[in-house]
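The residues making up each chain are set out below.
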Amino acid sequence: MKRLDENIAKILLSQKQIQERVHEIGTQIAADYAEKNPLMVCLLKGFCLFFSDLVRETPIPLELDFMRASSYHDGTQTSGTVQFEIPLSRNLVNRHVILVEDILDTGTTLSAVLPALQQQKPISLRICTLLDKPSRRRFPIAVDYCGFEIPDVFVVGYGLDYNETYRNLPYIGVMQ
């Protein structure tokens, strides 16, 4: 039987490092949004794991919604074209919105998603990403809550995939 971790060259972020940082981010969001009932939007599907852990670490009233948009179409490089596959179900008018993303790489996906969300007139719109690769950025996007800045390597685990595999690794690893 093939082992899930046999194509992992190294562990970039351990399960413990991830848990500690997610707790810190959740605590900061709770402090920033006390009494504001923010709407946290999960950009599916890679980061349903991060999103689930993050909302449990954010001890304030909040609401959740999900959308799916992607510029990676079964590959390791962005296609440059963003597809909206699942739209939001909630209205963003007069809401404080936190968009939760798995990894901010080139910024292609968010460069399409952010204007679409801004059109709905939220009071505020902030970005939370677990991983940031600023060396690859093609679009100027400011991150409000960042878990880790990482080098230009292809990573999997903790929700991140390669062809829909490796999402269930408890850590973030670099592919061989």
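Refer to the structure above for everything that follows.
Please read all numbers here as calculations on a predicted model, not as lab measurements.

Definitions and limits used
- Residue numbers here run from 1 along each chain, matching the order of that chain's written sequence.
- Totals for whole chains, interfaces and linings use all residues, but because this is a predicted model, local features are given only for residues with pLDDT of at least 70 and pairs of side-chain atoms are given and counted only at 80 or more.
- In computing side-chain values, all of the structure's heavy atoms are included and hydrogens and water are not.
- Strands here are runs of E lasting at least two residues and helices are runs of H or I lasting at least four, both read from the DSSP assignment and numbered beginning at the N terminus.
- Relative accessibility decides the category of a residue: with a 1.4 Å probe and only protein chains considered, values under 20% of the type maximum give buried, values over 50% give exposed, and everything between is partly exposed.
- We call two residues in contact whenever any of their non-hydrogen atoms come within 4.5 Å of each other.
- Under the convention used here, a 1.4 Å probe and the Shrake-Rupley method define accessible areas, while residue burial counts only the protein chains that appear.
- Think of it this way: a Phe, Tyr or Trp ring, Trp meaning its six-membered ring, pairs with another when their centres are within 6.5 Å, and the plane angle makes it stacked under 30 degrees, edge-to-face over 60, tilted otherwise.
- Among buried residues, those of type Ala, Val, Leu, Ile, Met, Phe, Trp, Tyr and Cys that are joined through side-chain atoms within 4.5 Å constitute a nonpolar core.
- Strand pairing is assigned whenever DSSP identifies at least 2 bridges connecting the two strands.
- Orienting the strands away from the viewer, one traces the path from the first strand over the helix to the second; a clockwise path indicates a right-handed crossover.

Asker: What's the story with the overall build of the chain in this structure? I'm lost.
Answerer: Across its full length, the chain holds 3 helices and 9 strands. Relative to its 176 residues, the chain shows a buried fraction of 45%. Nonlocal contacts in the chain, meaning residues at least 24 apart in sequence, comprise 67% of its contacts between residues at least 6 apart. When the accessible surface of the chain is totalled, it reaches about 8900 Å², and 49% of it is carbon and sulfur.

Asker: Is there a simple way to explain the packing of aromatic side chains in this structure?
Answerer: For any two aromatic rings, the description comes down to two numbers: the centre-to-centre distance and the angle of the planes. Across all of its chains, the model carries 2 aromatic pairs by this definition. A ring pair is formed by phenylalanine 51 and phenylalanine 66, whose centres lie 5.4 Å apart and whose planes are at 70°; its orientation type is edge-to-face. Taken together, the residues phenylalanine 51 in helix H2 (residues 48-56) and phenylalanine 66 in strand S3 (residues 63-70) connect sequence positions 15 residues apart. Relative to tyrosine 162, the ring of phenylalanine 154 has its centre 6.0 Å away and its plane inclined at 85°; by these criteria the two rings are edge-to-face. A relative accessible area of 23% means that phenylalanine 154 is categorised as partly exposed.

Asker: Hey, could you run me through the nonpolar core in this one?
Answerer: Soluble globular proteins tend to pack their nonpolar side chains together in the buried interior. Counting 28 residues, the largest nonpolar core has Ile29, Leu54, Cys128 and Leu131 as its most contacted members. Elements with a minimum of two residues in this core: helix H1 (15-32), strand S2 (39-44), H2, strand S5 (96-104), strand S6 (124-132), strand S7 (145-149) and strand S9 (172-175). Dropping the residues within four chain positions of it, leucine 131 is found in contact with Leu13, Asp102, Ile103, Leu104, Phe148, Ile150, Val155, Leu160 and Ile172. The next biggest cluster of nonpolar side chains, apart from the first, holds 17 residues, and it includes Leu88, Leu92, Val97 and Leu104.

Asker: Would you explain the sheet that holds strand S8 (residues 155-156) in this entry?
Answerer: Two orientations exist for strands paired in a sheet by backbone hydrogen bonds: parallel and antiparallel. Read across the sheet, 3 strands follow the order S1-S9-S8 without closing on themselves; strand pairing throughout is antiparallel. Edge positions in the open sheet fall to strand S1 (8-13) and S8, since each of these has one partner strand only.

Asker: Got a minute to help me understand the pairing of S6 in this structure?
Answerer: Walk down a regular strand and you will see the side chains alternate between the two sheet faces. Extensive coverage of S6 is indicated by the burial of 8 of its 9 residues. The parallel pair S5 and S6, bridged by helix H3 (residues 108-118), forms a crossover whose chirality is right-handed. Both S6 and S7 contribute to a ladder of 4 bridges, which runs parallel. In the sheet register, cysteine 128 faces S7, and the bridge partner there is tyrosine 145.

Asker: I keep staring at unusual backbone geometry and nothing clicks. Help me out?
Answerer: Excluding glycine, residues mostly carry a negative phi; peptide bonds, for their part, are mostly trans. Despite not being glycine, asparagine 37 has its phi angle at roughly 45°, a positive value. The partly exposed category is assigned to asparagine 37, whose relative accessible area is 30%. In the Ramachandran plot, asparagine 94 falls in the positive-phi region, its phi being about 60° despite a non-glycine side chain. On the secondary structure map, asparagine 94 appears in the loop between strand S4 (83-86) and S5. Overall, the relative accessible area of 56% leaves asparagine 94 in the exposed class.

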